[in-house]
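# Structural features, examined
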Amino acid sequence: MLHSQSFSIKKTLEKCSEINQEIENEQDETIWAKRNQDLKKIVVSNIKIKTLSENEKKEFAKYYSIVLLNEGAYQTLKSKYIESIISYKKSFAVAQKIKYFEGCASSLQNIGTSFDYLGKIDSSLAYFKKALNYAYSSKNQESIAFVLTDLGYVNNNIGNNKLAIEYNLKALKIFKKLNDFEGIERTNFSIGRIFDNLKEYEKSLEYYNDALQISIATKNEQRQCLNLNSIANIYFLQKKYSKAKELLDQCLEICKKNQYTSISGVSYNLLGDIDFEFKKFNEAKIKYLLATTIFKNDANNFFYSKTLFKLAQLNLKENNIKSAQEYAIECYKLSLKNNYPFEIRSAADLLSQIYTKQKNYKLALDFKNIVATVSDSIYYDENKNNTLKAEYKYNSSIKEAQIKALSQQKKIATLESQRQKTIVLILGIALVSILITSYVLFNRYKIKKQNELLKSQLFQAQKTIEAEKKATESELKALKSQMNPHFIFNALSSIQDQFMYGNKVIANEQMGNFTYLTRQILNVSGKKQILLSTEIDILSKYLELEKMRFKTDFEYKITTSENIDEDYHEIPPMLIQPFVENSINHGLLHKIGIKKVTIHFELDTNEEYIICTITDNGIGRAKSAEIKAKNQSKHQSFSTESIAQRLELLNENHSVKQLITYSDELENDEIVGTKVIVNIPLG
């Protein structure tokens, strides 16, 4: 009877292995989720049998850990990241108890992935590191390689591109050794994604195309679709729309054949973006609606909310206010329910615009306040990520400097030790011969010179470190001094006057501008570069607020040349505002009559600089200096010295005079304004 029961248990374990293999091979998420429930029923009904041997208990526990892992994977596919983390942690607890290290690594790896989807980059990195330790303990080379690719991914996200590439290349080496084409394809895809994030699109295309060729050779059509979508997205970013569309059509054909509905949703979404670029709004709407149907059916709330937002934008563009409102509200509610902060902010901002068009100013203001509140939490998370990046770069530079200093000190200590030994040797053999004594004295002289040379090198290294520190402090000082207190006081006073004596609608709009401006300044202050379009947006909001001070006699204009792309070219944040502020405070404030300031951006002929020209029709530099001296004014706007230092850091091969030039505008030999030309080196 015992023999019969043992045979039955063996058969049950074989059945578990068979179902588990089916789950691993199955591509349809609905089918493998159902088979996972079948596996769970078998495991749960057998794991508590008292007559099981220790090995049999461990086997059932192992399959129970796998069941929980699969449940977490299914929840991840449905964008239920908090629930998936709970399932993965349960899986880890079971695997750890039976020392199933491969399962431990997989559970921790998936927890890290879920935290990545939630935008918690520090938690993601911590779990991937733990997963790698368990993967090494399991001695499963494939498991080690897959965790290495994830570590490469998260290091790329925190700005450590060097380490990201190193992790992926280690993984690629293992996969090639194992002749694991799936692993080779996925690692090429990961490296392509790194270069994609770095905006090195040509390099990224090389790796994506390698991954695509492998997926074609292995006939893995699901991975083919993922690669086709990624390559199409790069072509879209490069504005090669026909190439992007060709690949997306190819992807949809494969999806239709294999019923890859989730992937086809991504393709339709991108095709909608292409139609939107060409202002084919009806065609774009059809694509977006197809995508929303797919994402809704798949319960993929994250992509569903994004596509709802696009539909709301599109309808607002067509002035279909009611439809835009419906889509925006649905997007807002869904994002709120699933805690997607970026989508909450975007939907709230769009609803504020919609209610403003409907002249429902109360709701417009309510949603504008929601935008501000959510932006605080997003700013904190972004700033946290920026801090992680800055901390990594700072620690790296400090460690390098310390290594150099320690190396020099070690050499000095070694030479000092040699010198002492030489002295002892001289004392011991002084009476042997004059020749040996002469040699030792010469050796001492040589060592002394080497010491002096190394000390000089150490001093120079310390000076270099100090110079780098000062440069960093200068850059931080420039970024922290971004809004003049006088401007804040003047803007708030003008808004208060509007509320008390003027138009309250305008006052509300200007308060919104002021809130938006301060939020944008906080948002960009932790960044090295921002899009030119963002800088122009900040300048426009700033000038609108300044315009209130001058009533009706102030005009401004911001233009760009045809050879510059506002949504591609980048400059350091808040670089132009100080010069505009100087034009207003020192050039236009004391002028009688119409006051004008113009700002123009263009590329130089060699496309090495963005040239910004700020021109005003003010009283000129000489008269401004006289007024300032007469009034003994101590007012000073944003320090132009800090701007000069920032430009020097960007391009050490040019002097300040070459990068910033001032000149008087003349008309009939009379000064009628001031022109400032700022040459901003492109990175």
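Residues numbered from 1 in each chain as written. Predicted model: local features only at pLDDT ≥ 70, side-chain atom pairs only at ≥ 80, totals over all residues. Heavy atoms only, no water.

## Regarding the overall build of the protein chain
When its secondary structure is counted, the protein chain shows 26 helices and 7 strands. Looking at the 683 residues of the protein chain, the share that counts as buried comes to 43%. The long-range fraction of contacts in the protein chain, counting pairs at least 24 apart against all pairs at least 6 apart in sequence, stands at 63%. Counting only carbon and sulfur atoms, one obtains 53% of the accessible surface of the protein chain, whose full area is about 37900 Å². (Helix = DSSP H or I, 4+ residues; strand = E, 2+ residues; numbered from the N terminus. Buried < 20%, exposed > 50% of the residue type's maximum accessible area, 1.4 Å probe, protein only. Contact = heavy atoms within 4.5 Å. Areas by Shrake-Rupley, 256 points an atom, 1.4 Å probe, with all protein chains shown as cover.)

## Some points on the nonpolar core
By size, the foremost hydrophobic cluster in this structure holds 52 residues, and its most contacted members are C225, I231, I274, Y332, L350, L351 and I354. At 8 residues, the largest contribution of residues to this core is made by helix α12 (residues 241-258). The next biggest cluster of nonpolar side chains, apart from the first, holds 50 residues, and it includes Y63, L108, F115 and L148. (Core = buried A, V, L, I, M, F, W, Y, C linked by side-chain atoms within 4.5 Å.)

## Observations concerning the pairing of strand β4 (residues 595-603)
Burial along β4 is one-sided: K595, V597, I599, F601 and L603 are buried, while K596, T598, H600 and E602, pointing the other way, are not. Relative to β4, strand β2 (residues 554-560) runs parallel, the two sharing 7 bridges. Considered in β4, the bridge of T560 is made with F601. As defined by bridge partners, β4 adjoins strand β5 (residues 609-616) across 7 bridges and the pair is classed as antiparallel. The partner of E602 across the bridge, within β5, is I611. Taking the residues that link successive antiparallel strands as the turn, the β4-β5 hairpin has 5 residues, and the phi of E607 there is positive, at about 55 degrees. (Pairing = 2+ DSSP bridges.)

## Some details on the packing of aromatic side chains
Enumeration according to the criterion identifies 14 aromatic pairs in this entry. Taking 5.8 Å as the distance between ring centres and 20 degrees as the angle between the ring planes, the aromatic pair formed by Y355 and F367 counts as stacked. Of this pair, Y355 sits in helix α17 (residues 341-357) while F367 sits in helix α18 (residues 361-429); the two residues are 12 residues apart in sequence, bridging distant segments of the chain. A single burial state applies to Y355 and to F367, both of which are buried. Here the aromatic residues F92, F101 and Y134 are joined through ring pairs into a cluster of three or more. One cation-aromatic arrangement involves R223 over F189; the distance from NZ or CZ to the ring centre is 5.2 Å. (Phe/Tyr/Trp six-rings, centres within 6.5 Å; stacked < 30°, edge-to-face > 60°. Lys NZ or Arg CZ within 6 Å of the ring centre and 35° of its normal.)

## Digging into the environment of I85
With respect to the helices and strands, the residue I85 is situated in helix α4 (residues 81-97). Under the relative-accessibility criterion, I85 is labelled buried at 6%. Separated by 23 residues in sequence, I85 and L108 have C-alpha atoms that sit 9.3 Å apart.

## Considerations on the packing of helix α10 (residues 201-217) against helix α11 (residues 221-237)
Packed helix pairs are specified by the crossing angle of their axes together with the interaxial distance, meaning the distance between the axes. For the pair α10 and α11, the least separation of the axes is 9 Å and the interaxial angle reads 160 degrees. Taken together, the axis directions place α10 and α11 in an arrangement best described as roughly antiparallel. Crossing angle aside, the handedness with which α10 passes α11 is left-handed. Note on element contacts: α11 touches α10 through R223, Q224, N227, L228, S230, I231, I234, Y235 and L237, opposite Y201, S204, L205, Y208, N209, A211, L212, S215 and I216. Its residues assigned to classes, the contact of α10 with α11 shows 11 nonpolar, 6 polar and 1 charged. (Axes fitted to C-alpha atoms, helices over the stretch in contact; angles between N-to-C directions. Parallel < 35°, antiparallel > 145°, perpendicular 65-115°, else oblique. Left-handed = near helix turned anticlockwise from the far one by under 90°. Nonpolar A, V, L, I, M, F, W, Y, C, P; charged D, E, K, R; others polar.)

## A short note on a nonpolar patch on the surface
On the surface, I82, I86 and L118 cluster together into a nonpolar patch covering about 260 Å² of accessible area. Along the chain, I86 falls in helix α4. Relative accessible area serves as the criterion here: at 47%, I86 is assigned to the partly exposed category. (Patch = residues over 30% accessible without salt bridge, like charges linked within 9 Å, V, L, I, M, F, W, Y side chains within 5 Å. Salt bridge = Lys/Arg side-chain N within 4 Å of Asp/Glu carboxyl O.)

## Observations regarding the state of the cysteines
In the structure shown here, the tally under the stated rule is 0 disulfides. Between C255, a free cysteine, and C225, which holds the nearest cysteine sulfur, the sulfur-to-sulfur gap is 3.7 Å. (Disulfide = S-S within 2.5 Å.)

## What to know about the sheet that holds β2
With mixed pairing, 5 strands are arranged side by side in an open sheet as β2-β4-β5-β7-β6. With partners counted over all chains shown, the strands left at the sheet margins are β2 and β6 (660-667), one partner each. Averaged over all neighbouring strand pairs, the angle between strand axes comes to 15 degrees, with direction disregarded. Here β6 pairs with strand β7 (residues 670-681) via 8 bridges, running antiparallel. Note that in β7 the partner of E665 across the bridge is G673.

## Things to note about the confidence of the model for the protein chain
Within the protein chain, residue pLDDT values average 82, and 81% of them lie at 70 or more. The low-confidence segment residues 380-392 (pLDDT under 50) makes 13 contacts with residues lying over four places distant or belonging to another chain. Note on residues 634-638: pLDDT under 50 across the span, and 17 contacts to partners over four residues away in sequence or across chains. (pLDDT = per-residue confidence, 0-100.)

## Thoughts on the environment of Y340
The topology assignment puts Y340 in the loop between α16 (321-338) and α17. Separated by 221 residues in sequence, Y340 and G119 place their C-alpha atoms 9.7 Å apart.

## Overview of the pattern of salt bridges
Evaluated as defined, the whole model comprises 25 salt bridges. With a shortest N-O distance of 3.3 Å, D366 and K362 are connected by a salt bridge. Separated by 4 residues within a single helix, D366 and K362 lie in helix α18, roughly one turn from each other. Looking at K362, the relative accessible area reads 61%, which means it is exposed. Each of E22, R35 and D38 takes part in salt bridges that share partners, so that together they form one network.

## Regarding unusual backbone geometry
Generally, phi is negative for residues other than glycine and the peptide bonds are trans, each holding for most cases. Its identity as a non-glycine residue notwithstanding, N179 has a phi of 55 degrees, on the positive side. The topology assignment puts N179 in the loop between α8 (161-178) and α9 (181-197). Not every positive phi belongs to a glycine, and K279 is a case in point at roughly 60 degrees. Residue position: K279 is located in the loop between α13 (261-277) and α14 (281-297).

## Regarding helix α21 (residues 504-524)
Within an α-helix, residues lying three or four positions from one another point in the same direction, as the helix has 3.6 residues per turn. Between its terminal C-alpha atoms α21 stretches 30 Å, which fits the 30 Å expected from 21 residues at 1.5 Å a residue. Buried residues of α21: A507, Q510, G512, N513, F514, L517, Q520, I521, N523 and V524, and no others. (Expected span 1.5 Å × (residues − 1).)

## As for the pairing of β5
Most of β5 is tucked away: 8 of the 8 residues are buried. Of the two faces of β5, both are covered, the one formed by Y609, I611, T613 and T615 as well as the one formed by I610, C612, I614 and D616. Pairing geometry for β5 and β7, over 8 bridges, is antiparallel. Its bridge partner lying in β7, T613 is registered against I677.

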